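Residue strings, one per chain:
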Amino acid sequence: MLLLAAACGFDSGGVMGSATLGVASDTEDSGTTADPTATTSTPTSADPTSATATGGESGSTVGIDTGDETAADTSATTSADTGCEPAVFHVDADADGYGDPTMPVRACDMPAGTVADATDCNDQDPAAHPGADEVCNGIDDDCDTALDEWSPMNPTCAGCLTAPVGTDVFYACPGAVAWDTARADCQLKGAEIATIAAADEDAIAYGLAASLVANDVWIGLRREDYGAAFQWQDGTPLGYTNWRPGAPDTAVQVACGELDTLDAGQWNDAACSDAATTAAWLCRGPQ
Ligand SMILES: [Ca+2]
Ligand SMILES: [Ca+2]
Ligand SMILES: [Ca+2]
Ligand SMILES: [Ca+2]
C-alpha cells in the first residue's frame, strides 16, 4: 500500500501536491504493513524514471546512492529501515531551477533532476519561469497566468499600443470586435476592459486611442438592462464621465460604452454585441 500510494503521486502527473502530501501521511501511518505491497508494486513506480532520467548528473544522487535503485524505493525502504522522513521534490526537466508542480517526487534526499520548488508553469522551456521577462511570443513567460502582458521588455504586442496611467497601463488594441470579445482579450493579458476614472486618465486614453485608430474604441462601461445605470466592469464606481451630448441614448437592453476618437474622445453607448458596432478596444492592467 505504501508504494502504491507513492506511485499514485508519481503517475498521475495531474495530481497536485496536496494529494501527494496526503499520501505521505498514509505512508507513515501504515509503515510496516506496506512493505510487501511495496515490493510487489515496484514495477509500477516507473515514475522514478522521471527523476532518474532527467537526473543523470552526479550532484544530487548522493541521497539515492545511499538507498536503492529508484527514488520511490528509496523513500519507501529508507522510511521503514532508517526512519527518514521522505520529502516532496519536483521534476525540473528544463533545468531552470523551477520545478513542475504536476510532477512530484518523494524521496529522502533530493534526486538529481528535481528541485524543491514547484512553480514552473512551463517545464519544457528554461526561459519561462517566475520572474522571467514577459515578451511578445504567445506564451506566459513569467508564470503569472497573464499572456503577453505589458512589461519593460514588451511595450507593444499584437498591434496593441500602451501608455502608463498611474501605476497601471492602458492598452489600445486594433481590430473590429464585439465588446465581449474585447473584454476577453483584456483578461488574457491579466487586465480588464478599461476603466477611465478621472479627466487626466481620460486624456491619456484618448491620446492613446487616437494614435491607434480614427474611430470608436470600446471602454469598460456596460449596463445590463433598460434604464439600468452604466457601470465600470472592474467594479470602480462610476464618477467621472465624458458622455457626448445626448448620450447615453441607445435603445437596446444591453449597452456598452465606447470612446470616439472622431468626437474629441467623448463617450457614446452602443449595442454590445451588434456586429455593426464592432470596434477597437482599450484595456487597463497593472504595470
Ligand atoms: Ca523547470
Ligand atoms: Ca521553465
Ligand atoms: Ca505573463
Ligand atoms: Ca509572452
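Our subject is the structure listed above.
Basis of the calculations
Residues numbered from 1 in each chain as written. Chains lettered and ligands numbered in written order. Predicted model: local features only at pLDDT ≥ 70, side-chain atom pairs only at ≥ 80, totals over all residues. Helix = DSSP H or I, 4+ residues; strand = E, 2+ residues; numbered from the N terminus. Buried ≥ 20, exposed ≤ 12 C-beta atoms within 10 Å, placed from the backbone. Contact = placed C-beta atoms within 7 Å. Arc of directions from axis to C-beta. Pairing = 2+ DSSP bridges. Expected span 1.5 Å × (residues − 1). Core = buried A, V, L, I, M, F, W, Y, C linked by C-beta atoms within 7 Å.

### Thoughts on the overall build of the protein chain
And then number 1: Within the protein chain, the secondary structure is distributed over eight helices and eleven strands.
And then number 2: Going through the 287 residues of the protein chain one by one, you find that 40% of them count as buried.
And then number 3: Restricting the contact set of the protein chain to residue pairs at least 6 apart, pairs at least 24 apart contribute 59%.

### Remarks on helix α7 (residues 179-188)
And then number 1: Of the positions making up α7, those classed as buried are Trp 179, Ala 182, Arg 183, Asp 185 and Cys 186. Seen from one end, α7 has its buried residues packed into an arc of 160°, which puts them on one side.
And then number 2: Considering only its buried residues, α7 is in contact with β5 (168-177), β6 (192-193), β7 (216-223), β9 (255-260) and β11 (279-286).
And then number 3: The first or second residue beyond α7 is Gly 190, which carries a positive phi of 75°.

### Comments concerning the sheet that holds strand β1 (residues 87-91)
And then number 1: Pairing in this open sheet of three strands is antiparallel, and the strands run β2-β1-β3 from one edge to the other. Pairing within the sheet leaves two strands with one partner each, and these edge strands are β2 (104-107) and β3 (114-115).

### Here's the deal with helix α8 (residues 199-212)
And then number 1: An ideal rise of 1.5 Å per residue puts 20 Å on 14 residues; α8 measures up with 20 Å between its terminal C-alpha atoms.
And then number 2: Within α8 the residues assigned to the buried category are Asp 202, Ala 205, Tyr 206, Leu 208 and Ala 209.
And then number 3: Contacts made by the buried residues of α8 are with β4 (161-165), β5, β7, β9 and β11.

### Details of the environment of Gly 257
And then number 1: Checked against the element boundaries, Gly 257 lands in strand β9.
And then number 2: A count of 32 C-beta atoms within 10 Å places Gly 257 in the buried class.
And then number 3: Considering only alpha carbons, one finds Gly 257 and Arg 222, 35 residues apart in sequence, at a separation of 6.1 Å.
And then number 4: Beyond its immediate chain neighbours, meaning those up to four positions away, Gly 257 contacts Ile 219, Leu 221, Arg 222, Phe 230, Trp 267 and Asp 269.

### Notes on the pairing of β1
And then number 1: Of the pairings in the sheet, the one linking β1 to β2 comprises four bridges and is antiparallel in character. Considered in β2, the bridge of Phe 89 is made with Val 105.
And then number 2: The pairing of β1 with β3 spans two bridges and is classified as antiparallel. Looking at the pairing, Val 91 lines up with Thr 114 of β3.

### Observations concerning the pairing of β9
And then number 1: With respect to burial, β9 is a largely interior element, six of its six residues being buried.
And then number 2: Side-chain alternation along β9 places Ala 255, Gly 257 and Leu 259 on one buried face and Cys 256, Glu 258 and Asp 260 on a second face that is also buried.
And then number 3: When β7 meets β9, the two strands line up antiparallel, connected through five bridges. In the sheet register, Arg 222 faces β9, and the bridge partner there is Cys 256.
And then number 4: The sheet contact formed by β9 and strand β10 (residues 267-271) spans five bridges and is antiparallel. Considered in β10, the bridge of Cys 256 is made with Ala 270.
And then number 5: Two successive antiparallel strands, β9 and β10, enclose a turn made up of six residues, where Ala 264 displays a positive phi of approximately 60°.

### Comments concerning the nonpolar core
And then number 1: By size, the foremost hydrophobic cluster in this structure holds 36 residues, and its most contacted members are Ala 172, Val 217, Trp 218, Ile 219, Trp 281 and Leu 282.
And then number 2: Contributions of two or more residues to this core are made by β5, α7, α8, β7, β9, β10 and β11.
And then number 3: With residues up to four places along the chain from it excluded, the contact list for Ile 219 reads Ile 193, Ala 194, Ile 196, Gly 257, Glu 258, Leu 259, Trp 267 and Leu 282.
And then number 4: In terms of nonpolar packing, the next biggest core, distinct from the first, is built from nine residues, Val 91, Ala 107, Cys 108 and Met 110 among them.

### So, unusual backbone geometry
And then number 1: Going from Ala 247 to Pro 248, the amide bond is cis rather than trans, its omega being 0°.
And then number 2: Note that Pro 248 resides in the loop between β8 (231-232) and β9.
And then number 3: Positioned with a positive phi, Ala 95 is a non-glycine residue whose angle comes to about 55°.
And then number 4: Its location among the elements puts Ala 95 in the loop between β1 and β2.
And then number 5: The partly exposed category is assigned to Ala 95, around which 13 C-beta atoms lie within 10 Å.
And then number 6: Here Ala 158, not a glycine, exhibits a phi torsion of approximately 55°, which is positive.
And then number 7: For Ala 158, the position within the fold is in the loop between β3 and β4.

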